[in-house]
Amino acid sequence: MTQISRHAGRLIVLCHLLIVWSQQAAAAESHEVLTALKVEYFPNPVGIDAPHPRFSWQIASKERDTAQSAYEIRVTTDRQSLGQPEKVLWDSGKVQSDQSIQNAYEGPPLQSRTRYFWQVRVWNQEGVATDWSPIAFWEMGLLSASDWKADWIEPGTDSASHQPSMLRREFQIDGKVAQARIYATSHGLYELSLNGQKVGDAVLTPGWTTYSHRLQYQTYDVTEQLRSGANVIGAYLGDGWYRGTIGYSGKDGHYGKDVAMLVQLEIVYEDGHREILTSDANWTSSFGPILQSGIYQGEDYDARLEQTGWNGPGFDARRWTAVRPVAGDKTTLVAPQGPPVRRLAEIKSKKIFRTPAGDTVIDLGQNMVGWVRLRVQGKAGDTVTLRHAEVLDHDGNFYTENLRTANQTIHYTLKGTGHEVFEPHFTFQGFRYVAVSGYPGKLTDASITGVVVHSDMDHTSEFVTDNPLINQLQHNILWGQMGNFVDVPTDCPQRDERLGWTGDAQAFAPTAAFNMDVAGFFTKWLRDLAADQLPSGSVPFVVPDILTVDAEPAEAPVNDAGRPTTGAAGWSDAATVIPWNLYLAYGDKRVLEVQYESMKKWVDYEQNRAGADEVWDADFQFGDWLDFFGAAKNTNFGSTSPDLIATAYFARSTGILAQTAKVLGKEADAAKYTRLLTKIVAAFNQKFVSADGTVGEGTQTAYVLALDFDLLPEELRAAAAAKLAADVEARGHLTTGFLGTPRLLSVLTEFGYLKDAYLLLKREDFPSWLYPVKHGATTIWERWDGLKPDGSFENKQMNSFNHYAYGAVGKWMYEVMGGIRIDTNAPGYKHIFIEPQPGGGFRHVRASHMTPYGLVSSEWVRADRQLSLSVTIPSNTTATVRIRGRSSDIAEGGKPISVGRGVRSIRQEGDDSLVDLGAGHYELRYRIDPSSAP
């Protein structure tokens, strides 16, 4: 090499080094910011009891293709010591992992009452670390029964009366308070106050669980509500689900005949000493203005009986009676895993009118769940009556016959001291219309406000199209979910039922997980499902189970309505289907671990009921509940063979269990249940499938379940799908019920009948999703024809106008119209499929979903021969976009698409192009054939 060439070589090397150094210097300033820090699905939770809580965070970045390669978490009990390694309680060290969700605490055992502060930092794919995140925290509740020093206390008032009681305890504060917590729960529902102010913002506490096994307590930070000197804890205590009338049999006292409270106030003073004040014999009780308050019945309140100042210091309680300390189980107490029920929205009156029958009615414009806030002024003794209804009848009159025995009526008697404002306490109503009588003066829009109440779940999605009817359908699906997710997933919120029906929940769960963050909500409910599961493995029809009378007789146990309580296909399969859905939607492996024995017991039960031939027959089944044919045949159980449905779900649950065992590393179980699945599929085909691909009676539901659950041999799948499509095309409408409907459009789409799927979605006549919309629905109906075409109503004994099951079509809308779909091999949206399938004459669809990693969105606009697709992929995830056409026809950012700047690869699969993307926002455009769209 010559000297010149050597100098040139050194120059090239030097230039390369300078470039590298400059890149490293630029990269050293990380562009990532850590946000949305959560512990066990909640930001800064207070009062949890998970021994190994899980941390999750999101990565905000303006750069494309941002990914995490490692993380470090540090935890301490002293906020100020997080930056001092020697004082950190636990440091994960640098963990090589791309997981930014569900990372478990692995430090020293956590202690009751203790607040823990934490931070996280991550390294991106280039090895550059972010700054430490903002400081977040979580606080443990009471982790052992021995932590409870309080006594259970019952009011000293008449124990046989169902009238809610008031309880109080006055005490002194001597010194400056550094921190104060109240831990509280009840047999019944409670509303707590401290010095006259409500404690917390939750309502209907402690919620509804399987009380004999699991009773939630709440933790409240009351530091700011205490004052020096005299203080008072006050409480209202009512029947609620514990002692009130629950279920359509009219029975009360399902869990006990007496209401009770358990309260523990723990105070830490600035000088370091602690004081505990508990529920004990020093409390007193009295009746008050709440004369009755029941879940179904509503509330009677006489404001003249209010005892001014009763929950504040200095009140003369000498006429109050002493409470009764009683023995009570504290080993069943658990911290909440789901969100509390809260007041979450308000609705103003849209119209005040008089019906032909003479009722004065307020129309809120929305079928909602909660109650009304009444504003009124009048003389003492005036009584305002508020009745609630979902719909008006054909003549425009107030209609309540579908409520059965649920009065859902409020009686408020004025005290006559000026402007009075009232909200009920231990009840909720399902309604759009309020009939008002006895109102003194002129009723105005300001007199009544609808207070929307439901479990406080974050809204996580948006779905908008250029079709107003479809947008209203999405609105109805969401409001149906909100109204029925009041601590448990109920079937309906208005009549004398409001139970946690398992079939409705499993059918709707995937759509629910799109609309809202239901991880904690369903985690809590599944624990109750497992607790209520019978020793045989049978799962009850409703959870919490208030229908089963006996523990489990040897043969055909019955509930209080005389129905057998053997597990029912499609209902009891919630035991397997919902945990698996949570795993897919949230990447939550722990829910599978916790529920595994319950899942296994259920499948073993199904196998036991099926017997040696693996065909589940002879037992009671709900079938394809409320399908199209039911009304004509005078049955609710559907026209598809219950044995076919039962065996199909037996296969479905067995397949899920085998997959779950594999995820959890239980290889022996995975192999065992995979073999069982093979046997069930063979039995299903032998019993229900013909050589030409006909399944069962040839109903739409029979084909849907067989195809969706992958029960048919490959050579018959296309034939069966063709028969399904032919039936749809011949009828022009769906015929499915609760079990067939959720998967109908997905199966049609999967097998190439997208045009038929859109036909069903957009149909406006009965039966269809848009038939209720065209008739003014603002929630999903229980029946396809709750309001018949002739204006009459369906059977008043079972005709809810707020019933979310048929809203399960929302999953198809997000996945096919919006194009956002989970990769089941990368749960929690770690990898995402973006595959919008335009059709049905739609020109524009926008869908977005807040995944555990961040926001994913897909928006397409169709114009002539071009389709524009805007895609946002959250940081630390990847996506595959499927585009109908060749890659040479695709532009990204206005230029022909090419690998680089987040575009990881482009490949052809048949007539489709597959584009693999890293995180970021992308603007894609490509040519389409107008004649090819369905």
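Anything mentioned here points back to the structure above.
Heads up: these notes are all about the structure in this document. Keep in mind it's a predicted model, so treat the numbers as computed, not measured.

What follows concerns the overall build of the chain. Tallying secondary structure elements over the chain gives 16 helices and 50 strands in all. For a compact globule of 934 residues, the expected C-alpha radius of gyration is about 30 Å, and the chain comes in at 30 Å, within 12% of that figure. Counting only C-alpha atoms and orienting by the principal axes, one finds that the chain spans roughly 105 × 80 × 60 Å. Buried residues in the chain amount to 60% of all 934 residues.

Helix length check: helix α10 (residues 667–688) (22 residues) gives 31 Å between terminal C-alpha atoms against 32 Å at 1.5 Å per residue, within 8%. Listed in full, the buried residues belonging to α10 are Asp669, Ala670, Tyr673, Leu676, Ile680, Ala683, Phe684, Asn685 and Phe688. Its buried side turned inward, α10 meets α7 (589–610), α9 (642–663) and α11 (700–708).

What follows deals with the pairing of strand β42 (residues 844–851). Successive side chains on a regular strand alternate, one facing one side of the sheet and the next facing the other. Within β42, 6 of the 8 residues are buried, which leaves the element mostly enclosed by the surrounding structure. By the bridge criterion, 5 bridges tie strand β37 (residues 461–465) to β42 in an arrangement that is antiparallel. Note on β42: the bridge partner recorded for valine 464 is arginine 846. With 8 bridges connecting them, β42 and strand β43 (residues 854–863) associate as antiparallel partners. Bridging from a neighbouring strand, serine 848 pairs with serine 857 of β43. Between the end of β42 and the start of β43, which pair antiparallel, lie 2 residues.

Across its 13 residues, helix α6 (residues 574–586) extends 17 Å between first and last C-alpha, which sits within 8% of the 18 Å expected from 1.5 Å per residue. Among the 13 residues of α6, 13 are classified as buried, and the element is accordingly described as predominantly covered. The first or second residue beyond α6 is glycine 587, which carries a positive phi of 60°.

Another point: unusual backbone geometry. Between threonine 205 and proline 206 the backbone carries a cis peptide bond, its omega angle lying at 10°. Its location among the elements puts proline 206 in the loop between β15 (202–203) and β16 (215–216). The omega angle of the peptide bond from phenylalanine 766 to proline 767 is -5°, so this bond is cis rather than trans. Position of proline 767 among the secondary structure elements: in the loop between α14 (754–762) and α15 (770–774). In this structure, arginine 498 takes a positive phi of about 55° despite not being glycine. With respect to the secondary-structure elements, arginine 498 resides in the loop between β39 (488–489) and α4 (502–515). Arginine 498 sits in the buried class, given a relative accessible area of 2%. Non-glycine residue alanine 618 carries a positive phi angle of around 80°. With respect to the helices and strands, alanine 618 occurs in the loop between α7 and α8 (630–633).

Cut-offs used in this document
Residues numbered from 1 in each chain as written. Predicted model: local features only at pLDDT ≥ 70, side-chain atom pairs only at ≥ 80, totals over all residues. Heavy atoms only, no water. Helix = DSSP H or I, 4+ residues; strand = E, 2+ residues; numbered from the N terminus. Rg over C-alpha atoms; globule rule 2.2 N^0.38 Å. Buried < 20%, exposed > 50% of the residue type's maximum accessible area, 1.4 Å probe, protein only. Expected span 1.5 Å × (residues − 1). Contact = heavy atoms within 4.5 Å. Pairing = 2+ DSSP bridges.

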